[in-house]
Amino acid sequence: MGFPQFAFNNVRRNARAYMAFFLSSAFMVMIFFSYSVFIYHPDVSSIELGKNSATGMKIASYIVFIFAFFFVLYSISAFLKLRNLEFGILMILGARPGQINRLILLENMIIGLLSILSGMAAGMLLSKLFLLLSTNIIGVTDMPFYWPVKALVITSVSFLALFLINSIFTLLFIRKNQVLELLKGSVKPKKEPKVSWLLSLLGLALLTTGAISIGQELSPNTLLIAAVTGIAGTYFFYSQLSVLGIRLLKLSRKRLWRGTNLLWINEMSYKVKDNARMLFLVTVVTSLACMAASLLLSISSSNNTTYLNSPFAIDYSVDNGHDPEPGLTTIHDALENAGLQYTENKVEFIRGSIRGLNDVDQFDNVQLLPVSVFNQLAGQMDVTGIPPLSDREVVLLLNPQNAISEYNAGEKFLLADQVNVELVLNHLINPPVMPFGQYNQPVMIVSESLYAKAAGTARANDREINYFYKIPAWDALLPKTGEPETVISSELVQWSRDRNHATDNWHTLISARADSYMNTKQGTSMVSFIGIFIALIFSLSSASFLYFKLHTELNADMRMYHALSKIGLSTREMSASATRQIALLFYIPILIAAVQTLVVVRPVLKVMDITNVTVPVLITSAAFLVVQTVYFIIVRSRYIHSLKKMMV
């Protein structure tokens with residue numbers, strides 16, 4: 001039997017142990033190859049959104065490759081530690097260190113080559129479906145299938161280099177061990193886990209610092225502090241605080257000596273300590289995936305809310321009193337040619353600023369609107385009209401996305417340009433979305449006489465005329481690609497940009513709710529589409545990490561349960577004890593990741609004026625929980641099946 005055949009037989013005989021590693025690696029290759037098929041598609045360069053999508057997928061492919069590097073390095077290292085006894089026997093039989101290294105290199109390259117071939121084969125089979133999905137979700141023109149020679153070459157070379165470099169790195173693990181150490185394998189007795197009170201307090205302080213930092217006003221420095229202290233605190237949580245918690249749990253003899261608690265609680269103290277780095281990595285990876293998914297869900301939900309609560313389909317704004325008639329004709333023609341009924345509302349805003357009586361340095365920009373005009377629009381905006389106001393009374397219509405100083409009903413303030421006019425805030429209107437456009441300044445609703453007085457002293461550039469178009473046929477459901485609202489809105493917005501660019505006149509602008517909605521949706525859809533596959537890789541790899549660690553400890557657990565079965569431990573008790581231990585290893589990272597996501601995402605979204613945070617975090621965490629449960633059931637069944645063979 002030749003040396004290559006010997007290496008191949010080793011891989012074949014350990015197929016069950018290598019299966020999770022092989023499948024995870026093949027899946028990473030498939031995703032990397034699928035992204036490459038899109039990136040190097042000949043039609044991508046001719047589509048603007050396609051270019052942006054290709055850039056996003058290129059970044060995602062880098063993330064996949066970097067993660068694959070560390071995943072393969074960790075996996076190979078785990079398997080080498082599991083085979084210490086085998087390597088020790090080979091060295092006693094006369095194998096030289098160079099031959100051991102050659103064997104390891106050949107085995108790793110065999111698995112790597114099989115993963116690359118399988119991943120690219122699966123990618124080729126699914127490439128047409130991937131292109132169809134990506135174009136539909138992202139919203140670009142359908143791209144035909146092509147023979148992806150460049151994607152095949154780049155994927156093959158990249159992952160061959162990855163497996164080769166990782167194999168060379170892992171040879172260092174064998175060279176440092178003597179024959180006696182190798183022969184001991186995993187049967188060396190474990191020392192009782194030790195806990196440092198100092199490091200435990202440090203971990204608690206780091207987690208507290210991270211939570212406090214993220215709660216402060218967000219800036220690059222606070223985010224950096226929160227990230228560093230949060231990640232470091234998570235590591236100390238597993239290596240110190242969790243072991244300390246288990247030790248405190250063991251202080252209650254009544255709880256400890258109940259059923260099989262003595263067995264699994266004592267075992268968990270060893271498993272958590274031994275697997276601290278692995279649990280830390282799984283938690284960080286899961287947290288990042290949960291945070292990204294929660295942010296995308298929240299932005300998508302906010303985008304839907306903004307569209308559904310925006311009463312006017314089109315807003316045409318004109319500054320400095322320029323004649324808007326040519327623009328109106330184009331809008332009228334577009335709507336009438338589509339057979340749409342619409343209401344055109346002409347509104348003239350006066351720009352102004354207000355300040356509190358006690359804070360002379362704090363100015364807030366507002367737009368003045370007479371109460372009569374507001375009441376005329378109230379029915380179209382589905383809001384309650386405002387009773388007549390005196391010359392000193394005003395109502396403030398706030399914009400959730402444009403924060404100003406806090407004002408309360410009954411509070412007095414001054415108009416900056418008319419300091420002799422003292423105004424009283426009658427009440428505040430806090431809509432979910434600013435009806436006059438999400439980027440508009442807060443609107444101060446005033447009496448007719450006060451508006452006329454402000455208009456008389458306003459400069460030309462303080463005036464802004466807006467034409468708001470109410471189109472009932474477009475108010476039913478969220479728009480989709482290719483529908484009249486989407487097409488007409490996009491054409492009008494593009495016409496406005498082209499017209500302004502051609503005349504170098506940027507005093508007019510058309511904005512449309514459907515166009516804004518579709519732009520945000522396409523952006524989040526692209527990121528979501530890319531993120532789904534990265535999250536799947538993270539999730540599958542996390543489960544593989546756990547499987548590898550459990551597999552390396554299987555022999556020791558089999559000996560322990562075999563000995564315990566001789567003194568009366570039943571199969572049912574063994575199953576209950578092992579299940580609790582596996583469940584804790586699988587579900588603790590999900591729980592910690594959900595808490596970290598909620599702590600981090602809430603203040604980040606608050607800056608974006610998005611308040612719907614808890615539901616997206618719960619949905620994301622539930623999705624990861626479901627996927628993790630599937631992995632848990634598979635790993636637990638195989639693990640318990642192996643242990644049952646050793647029971648007396």
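Residues numbered from 1 in each chain as written. Predicted model: local features only at pLDDT ≥ 70, side-chain atom pairs only at ≥ 80, totals over all residues. Heavy atoms only, no water.

Considerations on the overall build of the protein
For step 1, the next point in the chain: A count of helices and strands for the protein gives 20 helices and nine strands.
For step 2, the next point in the chain: Taking all 648 residues of the protein together, the buried fraction comes to 48%.
For step 3, the next point in the chain: Taking all contacts inside the protein whose residues are at least 6 apart in sequence as the whole, residues at least 24 apart take part in 80%.
For step 4, the next point in the chain: As displayed, the protein has an accessible area near 31600 Å², and 63% of this comes from carbon and sulfur atoms. (Helix = DSSP H or I, 4+ residues; strand = E, 2+ residues; numbered from the N terminus. Buried < 20%, exposed > 50% of the residue type's maximum accessible area, 1.4 Å probe, protein only. Contact = heavy atoms within 4.5 Å. Areas by Shrake-Rupley, 256 points an atom, 1.4 Å probe, with all protein chains shown as cover.)

Side note on the pattern of salt bridges
For step 1, the next point in the chain: Enumeration over the complete set of coordinates arrives at five salt bridges.
For step 2, the next point in the chain: As a salt-bridge pair, glutamate 348 and arginine 463 come within 2.8 Å of each other at their nearest N and O atoms. Of this pair, glutamate 348 sits in strand 2 (residues 343-356) while arginine 463 sits in strand 8 (residues 463-470); the two residues are 115 residues apart in sequence, bridging distant segments of the chain.
For step 3, the next point in the chain: Since its relative accessible area comes to 29%, glutamate 348 is described here as partly exposed.
For step 4, the next point in the chain: A relative accessible area of 27% means that arginine 463 is categorised as partly exposed.
For step 5, the next point in the chain: Arginine 513 is paired through a salt bridge with glutamate 485; the nearest N and O atoms lie 3.2 Å apart. (Salt bridge = Lys/Arg side-chain N within 4 Å of Asp/Glu carboxyl O.)

Some points on unusual backbone geometry
For step 1, the next point in the chain: A positive phi is found at aspartate 382, a non-glycine position, where the angle reads about 60°.
For step 2, the next point in the chain: Secondary-structure assignment places aspartate 382 in the loop between helix 14 (371-381) and strand 4 (393-397).
For step 3, the next point in the chain: Judged by relative accessible area, aspartate 382 falls into the exposed class, the value being 70%.

Describing a nonpolar patch on the surface
For step 1, the next point in the chain: Together, Leu125, Leu126, Leu129 and Leu132 line one region of the surface with nonpolar side chains, adding up to about 400 Å² of accessible area.
For step 2, the next point in the chain: Position of leucine 125 among the secondary structure elements: in helix 5 (residues 97-138). (Patch = residues over 30% accessible without salt bridge, like charges linked within 9 Å, V, L, I, M, F, W, Y side chains within 5 Å.)

Let's talk about the nonpolar core
For step 1, the next point in the chain: Of all hydrophobic cores here, the largest spans 89 residues; its most connected members are Phe21, Tyr35, Phe71, Phe159, Phe586 and Leu643.
For step 2, the next point in the chain: Val366, Leu423, Leu425 and Tyr451 belong to the second-largest nonpolar core, a separate cluster that totals 20 residues. (Core = buried A, V, L, I, M, F, W, Y, C linked by side-chain atoms within 4.5 Å.)

A look at the environment of alanine 276
For step 1, the next point in the chain: Checked against the element boundaries, alanine 276 lands in helix 12 (residues 276-308).
For step 2, the next point in the chain: Given the relative accessible area of 4%, alanine 276 is considered buried.
For step 3, the next point in the chain: It is 7.2 Å that separates the C-alpha atoms of alanine 276 and tyrosine 235, two residues lying 41 residues apart in sequence.
For step 4, the next point in the chain: Residues in contact with alanine 276, not counting those within four places in the same chain, are Tyr238 and Ser239.

Looking at the pairing of strand 9 (residues 508-512)
For step 1, the next point in the chain: Side-chain alternation along strand 9 places Thr508, Ile510 and Ala512 on a buried face and Leu509 and Ser511 on a face that remains uncovered.
For step 2, the next point in the chain: With five bridges connecting them, strand 1 (residues 314-319) and strand 9 associate as antiparallel partners. From the neighbouring strand, valine 318 faces strand 9, where its bridge partner is threonine 508. (Pairing = 2+ DSSP bridges.)

Remarks on the environment of threonine 524
For step 1, the next point in the chain: Examined against the element boundaries, threonine 524 turns out to sit in helix 17 (residues 513-552).
For step 2, the next point in the chain: Separated by 225 residues in sequence, threonine 524 and isoleucine 299 place their C-alpha atoms 7.7 Å apart.
For step 3, the next point in the chain: With sequence-adjacent residues up to four places away left out, threonine 524 is seen in contact with Leu296 and Ile299.

Quick notes on the packing of aromatic side chains
For step 1, the next point in the chain: Taken as a whole and assessed by the stated rule, the structure comprises 13 aromatic pairs.
For step 2, the next point in the chain: With a centroid separation of 5.3 Å and 80° between ring planes, the pair formed by phenylalanine 32 and phenylalanine 159 is classed as edge-to-face. Here phenylalanine 32 is found in helix 2 (residues 15-39), whereas its partner phenylalanine 159 is found in helix 6 (residues 149-175), with 127 residues between them in sequence.
For step 3, the next point in the chain: Seen from their ring centres, tyrosine 235 and phenylalanine 236 are 5.8 Å apart, and the 70° between their planes marks the pair as edge-to-face.
For step 4, the next point in the chain: Pairwise contacts between aromatic rings join Phe312, Phe349, Phe436 and Phe468 into one cluster. (Phe/Tyr/Trp six-rings, centres within 6.5 Å; stacked < 30°, edge-to-face > 60°.)

With respect to the packing of helix 12 against helix 20 (residues 614-644)
Axis angle and axis distance: for two packed helices, these are the angle between their axes and the distance between the axes, and together they describe the pair.
For step 1, the next point in the chain: Packing of helix 12 against helix 20 leaves a shortest axis separation of 8 Å and a crossing angle of 135°. Judged by the inter-axis angle, helix 12 sits oblique to helix 20. Relative to helix 20, the crossing made by helix 12 is right-handed. Two secondary-structure elements touch here, helix 12 through Thr286, Ala289, Cys290, Ala293, Ser294, Leu297 and Ser298 and helix 20 through Pro616, Val617, Ile619, Thr620 and Phe624.
For step 2, the next point in the chain: Of the residues belonging to the contact of helix 12 with helix 20, the class tally is eight nonpolar, four polar and no charged. (Axes fitted to C-alpha atoms, helices over the stretch in contact; angles between N-to-C directions. Parallel < 35°, antiparallel > 145°, perpendicular 65-115°, else oblique. Left-handed = near helix turned anticlockwise from the far one by under 90°. Nonpolar A, V, L, I, M, F, W, Y, C, P; charged D, E, K, R; others polar.)

Notes on the packing of helix 18 (residues 554-566) against helix 20
For step 1, the next point in the chain: Two numbers describe how helix 18 lies on helix 20: the axes approach to 9 Å, and their chain directions differ by 45°. In this view, helix 18 runs oblique relative to helix 20, as classed from their interaxial angle. For helix 18 against helix 20, the interelement crossing comes out right-handed. Of the residues in helix 20, those in contact with Leu554, Asp557, Met558 and Tyr561 of helix 18 are Tyr639, Ser642 and Leu643.
For step 2, the next point in the chain: Grouping the constituent residues of the contact of helix 18 with helix 20 by class yields five nonpolar, one polar and one charged.

Things to note about the environment of proline 616
For step 1, the next point in the chain: Mapped onto the elements, proline 616 comes out in helix 20.
For step 2, the next point in the chain: Residue class for proline 616 comes out buried when judged on its relative accessible area of 3%.
For step 3, the next point in the chain: A C-alpha to C-alpha distance of 8.7 Å links proline 616 and serine 301, two positions 315 residues apart in sequence.
For step 4, the next point in the chain: Ignoring anything within four residues of it in the chain, the contact list for proline 616 reads Ser294, Leu297 and Ser298.

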